[in-house]
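Examining the three-dimensional arrangement
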Amino acid sequence: MTAQLNPRGDVAVLVPAAGAGVRLGGGGPKALRHLGGEPMLVHAVRRVAAAPSVSAIVVAAPPSEVDAVRSLLAPLAPVIVVAGGAERQESVAAALAAVPEGPDIILVHDAARALAPPSLVESVAAAVRAGSAAVIPVLPVVDTVKEVGADEVVLGTVDRSALRAVQTPQGFRRSVLAAAHASAADSLTDDAGLVEKQGYR
Ligand code: C5P
C-alpha cells in the first residue's frame, strides 16, 4: 500500500542512489542490489516514508534507471525521482533542485544505509528544528586505527576516543544546505563537509 507523506511535515529527504557500486563489486548500482529479497533503495525509502515529519522524498537514481526506479518506488510512497550525476555531490545537488516549496529542513540519506530507522530520521530532524544549522549521526570508532606511511609501514596508533564514523541521514536548515551546494568548489564525500567549509557549527 502506498504510504501517505505528511503534507504538513517540515522535512524533505534527499536519497542519493545513483552510485555505480564499483567498490561493492560487479552486479549493478549498489542501491538496487538486494538485501533480504528487496533492493536496498526500497528498504531505505520505506523507512524514510514512515517518519511522521517527512513531507517530500527525492531520489537521485542512476540516469539509465530513472523510469525503473520510479516504478519500483511508486507502490511505497509518492517519491520524486531525478537523474543523479557522476559524483555523489552532483546527485545530491540534482535532488536538492527538485525539492518542492515548503519544507525548511532537508535531510540527505544514502540509499546504501538502507536500515536506518524512522526514529533516526526524526531525531536528526528534531535537532535541526531545535536550532542547529547542521546535524550528523555518528558512531564511535571501535576498531584500532593506525596511521601508515606511503610504504604501508605503521607510523603510529591514532587516539580513537575523539574519532567518530559519520552516518546518514545528515540534517540541515534548507538555506544552509542550498548555500553550501551553490558555493561548493570541490567534491566531498558528505554534505556536512560542505557545510563545515562554510563555517557552520
Ligand atoms: O559511493 P558512496 O558510498 O559514497 O555512495 C554513497 C551514496 O551516494 C550511495 O547511496 C550512492 O548510490 C550515492 N551516489 C550517488 N551518485 C553518485 C555516487 C554515489 O547518488 N555519483
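As shown above, the structure is provided for reference.
So, here's what we can say about the structure. (Residues numbered from 1 in each chain as written. Predicted model: local features only at pLDDT ≥ 70, side-chain atom pairs only at ≥ 80, totals over all residues. Heavy atoms only, no water.)

Turning our attention to helix α4 (residues 118-129). Compared with an ideal rise of 1.5 Å per residue, which puts 12 residues at 16 Å, α4 spans 16 Å between its outermost C-alpha atoms and is within 8% of the ideal. Buried residues of α4: Val121, Glu122, Val124, Ala125 and Val128, and no others. Buried residues of α4, seen end-on, are gathered within an arc of 165° and therefore sit on one face of the element. Those residues of α4 that are buried lie in contact with β1 (11-16), α1 (40-49), β4 (54-61), β6 (105-108), β7 (134-135) and β12 (170-173). Just downstream of α4, glycine 131 is the residue with a positive phi angle, here 130°. (Helix = DSSP H or I, 4+ residues; strand = E, 2+ residues; numbered from the N terminus. Expected span 1.5 Å × (residues − 1). Buried < 20%, exposed > 50% of the residue type's maximum accessible area, 1.4 Å probe, protein only. Arc of directions from axis to C-beta. Contact = heavy atoms within 4.5 Å.)

Attention now moves to the packing of helix α3 (residues 88-97) against helix α5 (residues 174-182). The contact between α3 and α5 brings their axes to 11 Å, and the two run at 130°. Taken together, the axis directions place α3 and α5 in an arrangement best described as oblique. In this structure, the crossing between α3 and α5 has a hand that is left-handed. Contact residues: Gln89, Val92, Ala93 and Leu96 in α3; Leu177, Ala178 and His181 in α5. (Axes fitted to C-alpha atoms, helices over the stretch in contact; angles between N-to-C directions. Parallel < 35°, antiparallel > 145°, perpendicular 65-115°, else oblique. Left-handed = near helix turned anticlockwise from the far one by under 90°.)

Looking now at the side chain of glutamine 89. Tracing the sequence through the fold places glutamine 89 in helix α3. A relative accessible area of 12% means that glutamine 89 is categorised as buried. Those residues within four positions of glutamine 89 in sequence are excluded, and the remaining contacts are His181, Ala184, Asp186, Ser187, Leu188 and Leu194.

Once that is clear, we can look at the sheet that holds β4. Within the open sheet, the 6 strands sit side by side as β5-β4-β1-β6-β12-β7. Their pairing is mixed. In this open sheet, the two strands that pair with only one neighbour each are β5 (80-83) and β7. Across 4 bridges, the pairing between β6 and β12 is antiparallel. Each residue of the ladder has a partner; that of valine 108, found in β12, is glutamine 170. Against the sheet, α1 contacts β1 and β4, and its axis sits at roughly 165° relative to β4. Against the sheet, helix α2 (residues 66-73) engages β4 and β5, with an angle of about 165° to β5. (Pairing = 2+ DSSP bridges.)

The next thing to look at is the pairing of β6. Burial of the side chains of β6 extends over both faces: Ile105 and Leu107 are buried on one face and Ile106 and Val108 on the other. When β1 meets β6, the two strands line up parallel, connected through 4 bridges. In the strand pairing of β6, valine 13 is matched with leucine 107.

Let's shift gears to α1. Burial of α1 is extensive: 8 of the 10 residues sit out of reach of the surface. Regarding α1, the residues found buried are Met40, Leu41, Val42, His43, Ala44, Val45, Val48 and Ala49. Lining the buried residues of α1 we find β1, β2 (34-35), β3 (38-39), β4, α2 and α4.

What follows deals with the site of the ligand. Looking at the ligand, there are 14 residues lining it, with Pro16, Ala18, Arg23, Gly85 and Ser91 nearest. One of the backbone N or O atoms of alanine 86 is found 3.0 Å from a nitrogen atom in the ligand. For the ligand, an oxygen atom lies 3.2 Å from a polar atom in the backbone of alanine 111. Notes on the ligand: free accessible area 460 Å², of which the protein chains cover 82%. Along the lines of polarity and charge, the residues of the shell around the ligand split into 6 nonpolar, 3 polar and 5 charged. (Near = heavy atom within 4 Å. Polar contact = N/O pair within 3.5 Å; in protein donor to acceptor, adjacent residues only side chain to side chain. Areas by Shrake-Rupley, 256 points an atom, 1.4 Å probe, with all protein chains shown as cover. Nonpolar A, V, L, I, M, F, W, Y, C, P; charged D, E, K, R; others polar.)

Fair warning: the whole summary comes from geometry, so function is off the table for now.
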